[in-house]
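Structural characterization, general
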Amino acid sequence: MLLKYLINTKPTIILFFIVFSIVFSCIPMLHGEFNLLYPSNIISSILVFIMALIIPTFHAVGLNNLVYENNIIKKDNFILGPVFLLLTAPFLNVISAWIISFLILFFIHFLFDFYQKEHPLSQTFNASIILGVIAVYSPSIIWYFPVIIICSLIFQNISWRIIIITLIGLLTPIIFYSVFCYLTDKNMHISIDFLSFNFKEIPTTNQLLLHEIIWFSVVAIICIFSIVELF
C-alpha cells in the first residue's frame, strides 16, 4: 500500500514530506539535550530518536493512504501527512504510544473493509485481535470494542456471528498472555479503570510557553479550516 502510493505520487511531494519529517523530528534538539528529549531505560536514546523519526513518518503516510483510498477525501495530495505530524507533536518521543497508534491504523483499515460486505467475518476477527494485542499492554484500549459493533450497524451487516467473532478475536491474545504468565510464573497485570477521568483546568495564555501557544494556534487553525472544508 505504501509503495503503491509513493510510486503514483510526484517525486517533489515525496521529497518535501521526507524533508518535513526529518526537520520535524530534529527541531526539538535545538532547545534541549538529546538524552533528555529521547529518554529510555531499555534502549539507547539514538534508537528512540530513529524510531521517533521512522514510525510517525510511516504512520502519516499510512493514514494518508487510508483516507484517500477510501475516498474520504477525494483530492489526492500529501497534506494530511504533515498535518497529522503537527497534531501529534507532543507525543513525538513516546514510542509505546506510536506503536499502539500504528496498530490502531490497521484496526481502522479493517473497519473500513466492512463496507459493502454481507459477512465481514475475517475483517471482524482481524480488527478485534488487534485490540486484543494492544490490550495486553494497554488494557484501556478495550474501550474501542463497541466501535466494531457500531461499524457493523452503520454498514448494516451486524449479526450474532460478528459479535461472537469479535469476542474471540479480543480474548485470543489475552488468553495466550495469561498462559504465558502461568508457564513462566509471572504476574498477569491487566486492569481496566472504569469512569476514572481526570479533567484538568484549562490553562490560560499566561501559563503557556511559546511553543505551546504555537502548537495550540496551529491546532485551532487546522480545526477551523477542517470545519469549513467539511461544510
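Each remark here, short or long, concerns the structure printed above.
Residues numbered from 1 in each chain as written. Predicted model: local features only at pLDDT ≥ 70, side-chain atom pairs only at ≥ 80, totals over all residues. Heavy atoms only, no water.

Some thoughts on the side chain of Thr57
Quick reminder of the rule: To qualify as a helix, a DSSP run of H or I must reach at least 4 residues; to qualify as a strand, a run of E must reach at least 2; elements of each kind are numbered from the N terminus. Burial classes: relative accessible area under 20% of the type maximum marks a residue as buried, over 50% as exposed, and values in between as partly exposed (1.4 Å probe, protein chains only). For this analysis, a polar contact is any N or O atom pair within 3.5 Å, provided that within protein one partner can donate a hydrogen and the other can accept it, and provided that sequence-adjacent residues contribute only side-chain to side-chain pairs. Residue contacts are defined here by distance: any two heavy atoms, one from each residue, within 4.5 Å place the two residues in contact.
With respect to the helices and strands, the residue Thr57 is situated in helix 4 (residues 45–69). Accessibility expressed as a relative area gives 17% for Thr57, which makes it buried. Polar side-chain contacts of Thr57 include one of 2.6 Å to the backbone oxygen of Leu53. Setting aside anything within four residues of it in sequence, one finds Thr57 in contact with Phe17 and Ser21.

Quick word on the nonpolar core
For clarity, the threshold we go by: Put simply, a nonpolar core is a bunch of buried Ala, Val, Leu, Ile, Met, Phe, Trp, Tyr and Cys residues held in one set by side-chain atoms that sit within 4.5 Å of each other.
If you look at the biggest cluster of nonpolar residues, it comprises 19 residues, and the most contacted ones within it are Phe17, Tyr38, Ala60, Leu63, Phe84, Leu85 and Ile95. For this core, the elements supplying multiple residues, two or more each, are helix 2 (11–26), helix 4, helix 5 (80–87) and helix 6 (95–112). Looking at this core element by element, the count peaks at nine residues for helix 4.

Quick notes on the packing of helix 7 (residues 121–137) against helix 9 (residues 160–183)
We apply this condition: To obtain each axis, a line is fitted to C-alpha atoms, and for helices this fit is confined to the stretch in contact; angles are then taken between N-to-C directions over 0 to 180 degrees. Two helices crossing with the near one rotated counterclockwise from the far one by less than a right angle form a left-handed crossing, whereas a clockwise rotation gives a right-handed crossing. Just so you know the grouping, Ala, Val, Leu, Ile, Met, Phe, Trp, Tyr, Cys and Pro go in nonpolar, Asp, Glu, Lys and Arg go in charged, and all remaining residues, Gly too, go in polar.
Running from amino to carboxyl end, helix 7 crosses helix 9 at an angle of 35 degrees, the nearest separation of the two axes being 7 Å. Crossing of helix 7 over helix 9 shows right-handed handedness. Judged by residue contacts, Leu121, Thr124, Phe125, Ser128, Ile129, Leu131, Gly132, Val133, Ala135 and Val136 of helix 7 engage Arg161, Ile162, Ile165, Thr166, Ile168, Gly169, Leu170, Pro173, Ile174 and Tyr177 from helix 9. A class-by-class count of the residues in the contact of helix 7 with helix 9 yields 14 nonpolar, five polar and one charged.

A word on a nonpolar patch on the surface
Keep this limit in mind: Each patch is assembled from residues with relative accessible area greater than 30% and no salt bridge, linking like charges that lie within 9 Å and nonpolar side chains (Val, Leu, Ile, Met, Phe, Trp, Tyr) that lie within 5 Å. Note on areas: Shrake-Rupley with a 1.4 Å probe; residue coverage comes only from the protein chains shown. One speaks of a salt bridge when a side-chain nitrogen belonging to Lys or Arg is within 4 Å of a carboxyl oxygen belonging to Asp or Glu.
A surface patch of nonpolar side chains, amounting to about 890 Å² of accessible area, comprises Leu153, Ile158, Ile163, Leu167, Leu171, Ile175, Val179, Tyr182 and Leu183. The dominant element in the nonpolar patch, judged by the number of residues it contributes, is helix 9, at seven residues. Leu167 gets classed as partly exposed once you look at its relative accessible area, which sits at 39%.

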